[in-house]
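# Observations on chain architecture
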Amino acid sequence: MSVTPCGFARTPTKGLARLSWGGNGWEADGRPFGGEPADVAALRPLRGLEIEWPRARAPLEPLLDLAAAGVPLTAEDAPTWVPAGLAELLTDRAWLGHAPDGTARCVADLRREEHSVRLRRLRWRPATLAAPAVSVVMSTMRPHLVGAALAQMERQRGVEVEVLLGLHGVPFDQVREHVDACSLPVKWVEAAASVPFGEVLNQAASLASSDYVAKWDDDDWYGPDYLSDLVMALTYAEADIVGTTAEFLYLEPLKATIRRTTFASGASYPSEVYAHHVAGGTILVPRERFHELGGFPALPRAVDQEFLKAAEQAGARTYRTHGLGFVVRRGPSADHTWQLPLAHFVKVATSQWRGFRPSLLMEAA
């Protein structure tokens, strides 16, 4: 497949265009669509494509290529010869219910991106493939958070999960009840509180038996398709490491959710790009590659940043996919190794909402 979501534009500069059957092929925005990267690049500025169905059956492969590229597609109805899963997505027009205003803070653009992700999954996660196996590595010094974290891992769809728990100064007896109640296979190591955080992660990761190793933070929120979306992105980007943007943050002391799509400098913070940085709690890497890269550095903090830096120096490519299935929880600065005041996050916010307001892809209550 030659087209991917790489280069997806969060904020389109043009409106909807037509996708119609021209007799010999599909035409998108008045031009023949050949399913090549250049064809997709020309469509990136569009809000999406409105399908006009021909009277007779037409090839669906170009439409599936557009779905694979994350180009938003919509139709008022669908002929009977369109598969049910595709037809359901195409005719779900709820994402069109918000008017775009050309800014990154626009909810219309968020709904559009959610629709795009659902289309990507249709093409890149076929039901005929076996579910990939992922070893989820989590180090914790907070036993009261373990139950909720394990429950989120149990929600994961489209993957087979094993849990690797690094108990950092925490006796197993303090989490035994949560582990016993978990339906997933759980392995654990106990380490003294004096052991560096990165070393605890490595001790836990040494127990991995799955195809992929994924780092998980005990206090953040993860949507049910979070892991399968990471594996999907690693596949189409042909990267060594994949992670997401830290796009949604819940500021606990303020009881507010923010979304950021720019850095503090004002520079764009895009997704679906090769990048030097991904959110630390979202790193996923093939297990063999993880060991080739030497695992996590045995440091007390900045473990994610130093891991990514060392990986880049070793020639590894990191890809940053969408951040709609992940929410960072921020309490007081003293509670985090990521030492930035709450005021910083308010300052860089593109959008702000009262309460817990994640992307719809989180499927939160």
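Use the structure listed above.
Residues numbered from 1 in each chain as written. Predicted model: local features only at pLDDT ≥ 70, side-chain atom pairs only at ≥ 80, totals over all residues. Heavy atoms only, no water.

### Brief notes about the overall build of the protein chain
Counting its regular elements, the protein chain contains eleven helices and 18 strands. Over its C-alpha trace the protein chain gives a radius of gyration of 21 Å, about what one expects of a compact globule, namely 21 Å for 365 residues. The C-alpha extent of the protein chain, read off along each of the three principal axes, is 70 × 45 × 40 Å. Counting all 365 residues of the protein chain, 55% fall into the buried class. (Helix = DSSP H or I, 4+ residues; strand = E, 2+ residues; numbered from the N terminus. Rg over C-alpha atoms; globule rule 2.2 N^0.38 Å. Buried < 20%, exposed > 50% of the residue type's maximum accessible area, 1.4 Å probe, protein only.)

### Some points on unusual backbone geometry
A negative phi holds for most residues other than glycine; trans holds for most peptide bonds. The phi angle at Lys 255 is positive, at roughly 50°, despite the residue not being glycine. Secondary-structure assignment places Lys 255 in the loop between β12 (248-251) and β13 (256-259). A relative accessible area of 57% means that Lys 255 is categorised as exposed. At Glu 272, a position not held by glycine, the phi torsion is positive, near 60°. The topology assignment puts Glu 272 in the loop between β13 and β14 (273-274). What makes Glu 272 buried here is its relative accessible area of 1%.

### Regarding the pairing of β13
Along any regular strand the residues' side chains alternate between the sheet's two faces. Alternating positions in β13 separate into two faces, Ala 256 and Ile 258 on one and Thr 257 and Arg 259 on the other, with burial throughout. The pairing of β12 with β13 spans four bridges and is antiparallel. Residue pairing across strands places Tyr 250 opposite Thr 257, the latter belonging to β13. The antiparallel pairing of β12 with β13 creates a hairpin that spans four residues between the two strands, and Lys 255 there sits at a positive phi of about 50°. Pairing analysis gives four bridges linking β13 to strand β18 (residues 351-354), with the strands arranged antiparallel. Residue Ala 256 lies in a different strand from β18, and its bridge partner there is Arg 354. (Pairing = 2+ DSSP bridges.)

### Considering the pattern of salt bridges
Applying the stated criterion across every chain yields a total of 27 salt bridges. Close ionic contact of Glu 247 with Arg 10 constitutes a salt bridge, the shortest N to O distance being 3.1 Å. Within this pair, whereas Glu 247 is found in the loop between β11 (241-244) and β12, its partner Arg 10 is found in the segment before β1 (16-21), the two being separated by 237 residues in sequence. A relative accessible area of 0% means that Glu 247 is categorised as buried. Of the residues examined, Arg 10 reaches a relative accessible area of 12% and is grouped as buried. For the salt bridge of Arg 18 with Glu 52, the shortest nitrogen-to-oxygen distance reads 2.9 Å. You can see Arg 18 sitting in strand β1 and its partner Glu 52 sitting in strand β4 (residues 48-52), a full 34 residues away along the chain. (Salt bridge = Lys/Arg side-chain N within 4 Å of Asp/Glu carboxyl O.)

### Looking at the sheet that holds strand β2 (residues 26-28)
Within the open sheet, the five strands sit side by side as β3-β2-β1-β4-β5. Their pairing is mixed. Two strands lie at the open edges of the sheet, namely β3 (31-32) and β5 (73-74), each paired on one side alone. Pairing between β2 and β3: two bridges, direction antiparallel. Following the sheet pairing, Ala 28 is matched in β3 by Arg 31.

### Let's talk about the sheet that holds β12
Read across the sheet, five strands follow the order β10-β17-β12-β13-β18 without closing on themselves; strand pairing throughout is mixed. At either end of the open sheet lies a strand with only one pairing partner, and these are β10 (221-222) and β18. Where β10 and strand β17 (residues 326-330) come together, two bridges link them in antiparallel fashion. Note that in β17 the partner of Tyr 222 across the bridge is Phe 326.

### With respect to the environment of Asp 217
If you trace the backbone, Asp 217 turns up in the loop between β9 (212-215) and β10. Expressed as a C-alpha distance, the spacing of Asp 217 and Arg 354, which sit 137 residues apart in the sequence, is 24 Å. Residues within four places of Asp 217 in sequence aside, it is in contact with Met 138, Tyr 222 and Gly 281. A polar side-chain atom of Asp 217 sits 2.9 Å from a polar atom in the side chain of Lys 215. (Contact = heavy atoms within 4.5 Å. Polar contact = N/O pair within 3.5 Å; in protein donor to acceptor, adjacent residues only side chain to side chain.)

### Here we look at the side chain of Glu 114
Here Glu 114 lies in helix α4 (residues 107-124). A polar side-chain atom of Glu 114 sits 2.9 Å from the main-chain amide nitrogen of Leu 360. Ignoring any residue separated from it by four or fewer positions in sequence, one finds Glu 114 in contact with Leu 324, Ser 359, Leu 360 and Leu 361.

### What about the packing of aromatic side chains?
Tallied over the full model, the rule gives 19 aromatic pairs. Chaining the aromatic ring pairs together yields one cluster made of Trp 21, Trp 26, Trp 53 and Trp 81. For the cation-ring pair, Arg 120 lies above Phe 8, with the distance from its terminal atom to the ring centre recorded as 4.9 Å. (Phe/Tyr/Trp six-rings, centres within 6.5 Å; stacked < 30°, edge-to-face > 60°. Lys NZ or Arg CZ within 6 Å of the ring centre and 35° of its normal.)

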